[in-house]
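Listed below, chain by chain, are the residues.
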Amino acid sequence: MAIYLKIALRNIWRNKGRSLITLSAIVFGYISIVVAGGFIEDVFYQMRESYIHSFLGHIQVSKKGFYEKGASRPFEFMIDHPRRMMERILNLPHVRSVTPRLEFAGLLSNGENTISFMGQGVDPEGEKRVSSFLTIEDGRSLEPGDRYAVILGRGLAKAMGVRPGDPLIILTNTVDGAINGMDVEVKGVFYTSSKAFDDRTLRMPIETAQKLLQTEKVQTLVILLDDTRNTDLVLHQLRSWFRQEDLPLEARPWYNMADFYNKTVTLFNRQFFVLKLIIAIIVVLSIFNTMNMAVLERIGEIGTIRALGTKRRGVVMLFLAEGVIMGLIGGVAGAIAGYGSARLISYFGIPMPPPPGATIEWVATIRVVPEVFLFAFSLSLITALISSVYPAYKASRLKISEALRHNV
Amino acid sequence: MPRIVEAQGLYKIFHLGKTQVEALVDITFHVEKGEFLALVGPSGSGKSTLLNLIGCIEPPTRGTIHLDGIDITNLDDNSLSTIRAERIGFVFQNFNLLPVLTAYENIEYPLHIRGMPKREREERVKALLDAVGLARFANHRPAELSGGQRQRVAIARALAGSPSIVLADEPTANLDHATGREVLKLMKGLNRTYGTTFIFSTHDPQIMSFADRVVELRDGRIAS
């Protein structure tokens, strides 16, 4: 085998120009995959983190059944003693913060206009950590100690025609079904990456919301972790704990709630698959062409080594070795070039328009993802091997007497 | 003397479209071990075809052929490759050295195929380089050698695996007269030293004089 590797390596070196063109095809394919894959990963990452930090958190805890039936009967699924639960969750490893939420719907009026809204009662201090993608555009955010105060999404504020300092009237049902109203003051106007969210959401301190709804309970506890990659670990701990203590609670990870994100991932992954396929075909055709040329040029040599007693599988190994070495060199060069390209593009950044349904422009980068690099490397190697198979087979089936007639 | 090649009623017919070409017709002959035999005849007389048949490079259309006591007429490709690697050495008109390997590595190649350990390979290749007078050129690639030197490397390569027989197809055709004679002398010397059987084809009457025996082919038949 060593002798085949030696000959293969020297044959690659022998025709430097052609080998360089083939290697360029492999490197180009590698860079394309790394850049496209790294870009898509960045889109996924930014979208994921945006969802998590805008409002979802990494994990949400609620009463069992809330997610299935909570939309129609939100007050039937409330967590008792939320403070006690929050303290226990905070003691789990990787948990950075826990904040309660109480969601409700109602009508908002400024005396002239009345409009429906989605309300969130939040803890201003805790929510700062889980709403880092929520930006105050005008006025200020909610602060500890605020009472009868609200902040409105950009779209909702525009629809109501209000600014910070303006009064509003909120009308809603209490948890018992009675009608309750409250005067509040607009403290600020916010926007997030989701236009739909900004068009219909308002936030108020959770104590104010509890007073408005006449309850001491909450619906959800939003947990933020130190790293998104720890989601499943903490989720497993929470579920084990609920099961062991027979608590009527359930924990849901962010990915079960981010429907738009999941659909985007599926769509992008399909597109990326097609891109990978096209790149693989280009690389295969390029190496196939080189190997075919190599066989044609070396017919005399193939005849010679066959006459000297090399078996057919030896000839196959010789040409496959050439393909694999080409794939390996291309793979290593591609990894270096791919890394360089990713860092260079990321240094300048790619200005992106707001995604569908969002309002904020953003800057994409090319993430260096080890899995993408590994995939591109495997692709270089496998395509090089596949595209060498037929030329290698063809070389091994040459008639020795005819091959020998070609000059060496 | 024991026979190393024994051919009985050999035919080789090539099909060129609808035309049949009889390259060899009813060849019956034998070669004894240690012989230095010349196959002579004009171009197209069937010399190369007969060498190919003896060399397990292609099978006869009809007839039988034994090499070193083995019936090689109907063996599969793998078995024929093994016989070529272990029992036959080839010298070609165009030298047929692998251009990416040095003189040393070209001679070493058949020993790789036979799976010989590195130390033994080294000893064998050095001895052969000395025998053909090319020790100084061990690390030269074929492109850096003269025609005569290349053919000497090819002869060393043919002898590397200690074959029972060396088949040389027009080994002097691409060499000037003096170099051709030198190469023939070298082959003859190795034939005497190692007792290796040599069959070489030629149409040069002066070179025939080196042979122990001359077999003449004409139109695919043995003429004498």
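These numbers come from a predicted model, not from an experiment.

## Quick notes on the overall build of chain A
Okay, step 1: The helix and strand tally for chain A stands at 14 helices and 12 strands.
Okay, step 2: Radius of gyration (C-alpha) of chain A: 31 Å, far over the 22 Å computed for a compact globule of 408 residues.
Okay, step 3: Taken along its principal axes, the extent of the C-alpha atoms in chain A is 100 × 50 × 30 Å.
Okay, step 4: When burial is assessed residue by residue, chain A has 42% of its 408 residues classed as buried.
Okay, step 5: Partitioning the intrachain contacts of chain A with sequence separation of at least 6 by distance along the chain shows that 81% fall at a separation of at least 24.

## Some words on the overall build of chain B
Okay, step 1: Each helix and strand counted, chain B has seven helices and 10 strands in total.
Okay, step 2: Taken over C-alpha atoms, the radius of gyration comes to 17 Å for chain B, in line with the 17 Å a tight globule of 224 residues would show.
Okay, step 3: C-alpha atoms of chain B, sized along the principal axes, occupy 50 × 40 × 40 Å.
Okay, step 4: The burial tally for chain B puts 49% of its 224 residues in the buried class.
Okay, step 5: For chain B, restricting intrachain contacts to residue pairs at least 6 apart in sequence, the fraction spanning at least 24 positions comes to 72%.

## Focus on the interface of chain A and chain B
Okay, step 1: Facing 18 residues of chain A, the contacting portion of chain B comprises 19 residues.
Okay, step 2: Among the secondary structure elements, those contributing two or more residues to the side of chain A that touches chain B are helix H1 (2-14), helix H11 (299-307) and helix H14 (400-404) of chain A.
Okay, step 3: Here the element with the most residues in the side of chain A that touches chain B is H1(A); it accounts for five residues.
Okay, step 4: A breakdown of the residues in the side of chain A that touches chain B according to their chemical character gives six nonpolar, seven polar and five charged.

## Describing the domain arrangement of chain A
Okay, step 1: Per the domain assignment, the segments of chain A are domain 1 (2-51 + 261-404) and domain 2 (65-247).
Okay, step 2: Averaged C-alpha coordinates put domain 1 of chain A and domain 2 of chain A at centres separated by 50 Å.

## Regarding the sheet that holds strand S10 (residues 221-222) of chain B
Residue and element names in this part refer to chain B.
Okay, step 1: Spatially, S6-S7-S8-S3-S9-S10 is the arrangement adopted by the six strands of the open sheet, whose pairing is mixed. Bordering the open sheet on either side are strand S6 (88-91) and S10, each of which pairs with just one other strand.
Okay, step 2: For strand S3 (residues 36-40) and strand S8 (residues 197-202), the ladder comprises five bridges, and the chain directions are parallel. Paired with Phe36 across the two strands is Phe198, which belongs to S8.
Okay, step 3: Relative to S8, helix H1 (residues 47-54) is tilted by about 155°, and along the sheet it contacts S3, strand S7 (165-169), S8 and strand S9 (213-218).
Okay, step 4: Across the face of the sheet, helix H5 (residues 147-160) comes into contact with S6 and S7 while running at roughly 170° to S6.

## Regarding the environment of A:Ala364
Residue and element names in this part refer to chain A.
Okay, step 1: Relative to the helices and strands, Ala364 resides in strand S12 (residues 362-364).
Okay, step 2: Here Ala364 falls in the partly exposed class, since 18 other C-beta atoms lie within 10 Å of it.
Okay, step 3: Once the C-alpha coordinates of Ala364 and Phe77 are considered, the two residues, 287 residues apart in sequence, prove to be 40 Å apart.

## Points about helix H10 (residues 259-297) of chain A
Okay, step 1: For H10(A), which comprises 39 residues, the first-to-last C-alpha distance of 57 Å matches the rise-based estimate of 57 Å (1.5 Å per residue) to within 8%.
Okay, step 2: If you follow the buried residues of H10(A), they end up packed against H1, helix H2 (16-56), helix H12 (312-348) and helix H13 (370-396) of chain A.

## Re the nonpolar core
Okay, step 1: The biggest cluster of nonpolar side chains holds 117 residues, and the ones touching the most others in it are A:Phe319, B:Ile54, B:Ile107, B:Ala156, B:Leu167 and B:Ile199.
Okay, step 2: Top element by residues in this core is H2(A). It accounts for 10 residues.
Okay, step 3: Grouped together as the second largest cluster of nonpolar side chains are 49 residues, A:Val61, A:Met78, A:Tyr191 and A:Leu238 included.

## What about the packing of H1(A) against H12(A)?
Residues and elements named next belong to chain A.
Okay, step 1: The N-to-C vectors of H1 and H12 enclose an angle of 55°; their axes lie 8 Å apart at closest approach. In terms of axis orientation, H1 runs oblique to H12. The chirality of how H1 crosses H12 is right-handed. Residues Tyr4, Leu5, Ile7, Ala8, Leu9, Asn11 and Ile12 of H1 touch H12, and the partners they reach there are Gly314, Met317, Leu318, Ala321, Glu322, Ile325 and Met326.

## What to know about the confidence of the model for chain B
Okay, step 1: Of all residues in chain B, 99% attain a pLDDT of 70 or more, and the chain-wide mean is 91.
Okay, step 2: Per the prediction output, this complex has pTM 0.75; the corresponding ipTM is 0.94.

## Let's talk about the sheet that holds strand S2 (residues 19-32) of chain B
Residue and element names in this part refer to chain B.
Okay, step 1: Pairing in this open sheet of four strands is antiparallel, and the strands run S2-S1-S4-S5 from one edge to the other. The open sheet is flanked by S2 and strand S5 (70-71), the only strands paired with a single partner.
Okay, step 2: One ladder, built from five bridges, connects strand S1 (residues 3-16) with strand S4 (residues 62-67); its direction is antiparallel. For Glu6, the partnering residue across the bridge sits in S4 and is His66.

## A few points about the confidence of the model for chain A
Okay, step 1: Scored by pLDDT, chain A has a mean of 90; 98% of the residues are at 70 or more.
Okay, step 2: When mean pLDDT is compared element by element in chain A, strand S5 (residues 149-153) of chain A scores highest at 95, while helix H5 (residues 124-130) of chain A scores lowest at 83.

Thresholds applied
Numbers given to residues run from 1 along each chain, matching the order in which its sequence is written. Naming scheme: in the order in which they are written, chains are lettered from A and ligands are numbered from 1. Whole-chain, interface and lining totals are the exception, using all residues; otherwise, since this is a predicted model, local features are given only for residues with pLDDT of at least 70 and side-chain atom pairs are given and counted only at 80 or more. Here a strand is any run of E in DSSP of at least two residues, a helix any run of H or I of at least four, and the numbering for each starts at the N terminus. Values of the radius of gyration come from C-alpha atoms, whereas the globule rule sets the reference at 2.2 Å times the count of residues to the power 0.38. Counting other C-beta atoms within 10 Å of a residue's own tells you its class, since 20 or more makes it buried, 12 or fewer makes it exposed, and anything in between is partly exposed; those C-beta atoms are placed from the backbone. Here contacts are defined at the residue level, using C-beta atoms placed from the backbone and a cut-off of 7 Å between them. For this scheme, ten residues count as nonpolar: Ala, Val, Leu, Ile, Met, Phe, Trp, Tyr, Cys and Pro. Four count as charged, namely Asp, Glu, Lys and Arg, and the remainder, Gly too, count as polar. Segmentation into domains, and thus their bounds, comes from an automatic or database assignment. Paired strands, as defined in this entry, are two strands with at least two bridges between them according to DSSP. The axes are straight lines fitted to the C-alpha atoms, using for helices just the contacting stretch, and the angles between their N-to-C directions are given from 0 to 180°. A helix's residues, less one, multiplied by 1.5 Å, set its expected span. For this entry, the nonpolar core is defined as buried Ala, Val, Leu, Ile, Met, Phe, Trp, Tyr and Cys residues connected by C-beta atoms within 7 Å. We call two directions roughly parallel when the angle between them is under 35 degrees, roughly antiparallel when it is over 145, roughly perpendicular when it lies between 65 and 115, and oblique otherwise. Helix crossings get a hand from a simple test, with the near helix turned counterclockwise from the far one by less than a right angle marking a left-handed crossing and a clockwise turn marking a right-handed one. Confidence of the predictor at the level of single residues is captured by pLDDT, which takes values from 0 to 100.

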